[in-house]
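Residue-level structure breakdown
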Amino acid sequence: MNDFTTKQLFTIALLRILIGWHLLYEGLVKFISPNWSSYGFLNSSKWIFSSFFRTIAASEPLLKVTDIVNIWGLLLIGLLLILGIFQRTVAFMGSLLLFLYYIAMPPLVGIDYSIPMEGSYMIVNKTLIEAAALLVVGMLSTSNSLNLRLSLQKIRTRLKNT
């Protein structure tokens, strides 16, 4: 087990919770938007796997599955990150999901997209930063502290001892 200070544990947990909140929020927005679809995002891809992403966009059954997996993936990954449950696995899954978003629409010089992008970052954007941050969260073993499972175990132990 790693010997983290309380401040380090708090900082890692804060990072996990903030990214979890962002992913949960994005999933909720997509879930409550009746006409939301990943079609525009996938169809606008212009980098190395653009033909793969456009194939998904062009197929209604694949697009529906992608939309459902995207929405529920964001919701579950976000919620589990906030709660600190299965932290390592969930952090890696979240990083993978964010990296897929990144390779679909990276902020590279000379690539213009038909959908609006946040700023002009040239290679690094918030999606890549969040993906890397989740790799850090997944690599640092803090699963024995600052999560819901441990908190519930401590409460149960206290209740048994009273």
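Refer to the structure above for everything that follows.
Throughout this description, residue numbers start from 1 for each chain and increase along the sequence as written. Per-residue local features of the predicted model are confined to residues with pLDDT of at least 70, and side-chain atom pairs are confined, for both listing and counting, to 80 or more; whole-chain, interface and lining totals are unaffected and use all residues. In computing side-chain properties, one takes all heavy atoms of the structure into account and sets aside hydrogens as well as water.

1. Focus: the side chain of His22
What counts as a helix is a DSSP run of H or I of at least four residues, what counts as a strand is a run of E of at least two, and both are numbered from the N terminus. Within the secondary structure, His22 is located in helix 1 (residues 6–32). By definition in these notes, contact holds between two residues if any of their heavy atoms fall within 4.5 Å. Each residue touching His22, except ones within four places of it in the same chain, is listed here: Lys126 and Glu130.

2. Structural notes on the packing of helix 1 against helix 6 (residues 126–139)
Throughout, an axis means a line fitted to C-alpha atoms (over the contacting stretch in the case of helices), and angles, computed between N-to-C directions, take values from 0 to 180 degrees. Between helix 1 and helix 6, the shortest axis-to-axis distance is 10 Å and the interhelical angle comes to 135°. Our classification of the angle between helix 1 and helix 6 gives oblique. Where helix 1 crosses over helix 6, the two elements pack in a sense that is left-handed. Of the residues in helix 6, those touching helix 1 at Ile12, Leu15, Arg16, Ile19, His22 and Leu23 are Lys126, Glu130, Ala133, Leu134 and Val137. Its residues assigned to classes, the contact of helix 1 with helix 6 shows seven nonpolar, one polar and three charged. Orientation is classified from the angle alone, with under 35 degrees giving roughly parallel, over 145 giving roughly antiparallel, 65 to 115 giving roughly perpendicular, and any other angle giving oblique. Throughout, a crossing is termed right-handed when the near helix is turned clockwise from the far one, and left-handed when it is turned anticlockwise from it by less than a right angle. Polar here means any residue outside two lists: the nonpolar Ala, Val, Leu, Ile, Met, Phe, Trp, Tyr, Cys and Pro, and the charged Asp, Glu, Lys and Arg; Gly therefore counts as polar.

3. Brief notes about the layout of surface pockets
Grid points spaced at 1 Å and placed over the protein atoms alone form the basis of the search, with a cavity being a set where a 1.4 Å probe fits but cannot get out and a pocket an open set showing protein on both sides within 12 Å along at least five of seven lines. Lining residues have an atom within 4 Å of a point. Grid points are joined across faces, edges and corners, and a volume is the space filled by probe spheres set on the points. The calculated volume of the largest pocket comes to roughly 1200 Å³. Around the largest pocket, the lining is made up of 40 residues, and of these Lys30, Phe41, Asn70, Tyr101 and Thr127 lie nearest the centre. Those elements that place two or more of their residues in the lining of the largest pocket are helix 1, helix 2 (39–43), helix 3 (50–58), helix 4 (60–83), helix 5 (87–104) and helix 6. Here the lining of the largest pocket is built from residues that sort into 26 nonpolar, nine polar and five charged.

4. What to know about the packing of aromatic side chains
Only Phe, Tyr and Trp rings take part, Trp by its six-membered ring, and two of them pair if their centres are within 6.5 Å. Stacked means planes under 30 degrees apart, edge-to-face means over 60, and tilted covers everything else. What the rule picks out here adds up to four aromatic pairs. Summarising the aromatic geometry, the rings of Phe41 and Tyr101 are spaced 6.1 Å apart at their centres and angled 80° between planes, so their arrangement reads as edge-to-face. Placement of the pair is Phe41 in helix 2 and Tyr101 in helix 5, with a sequence separation of 60 residues. We classify Phe41 as partly exposed; its relative accessible area is 26%. Per-residue accessibility, obtained with a 1.4 Å probe over protein chains only, is compared with the maximum for each type, and a residue is labelled buried under 20%, exposed over 50%, and partly exposed between these values.

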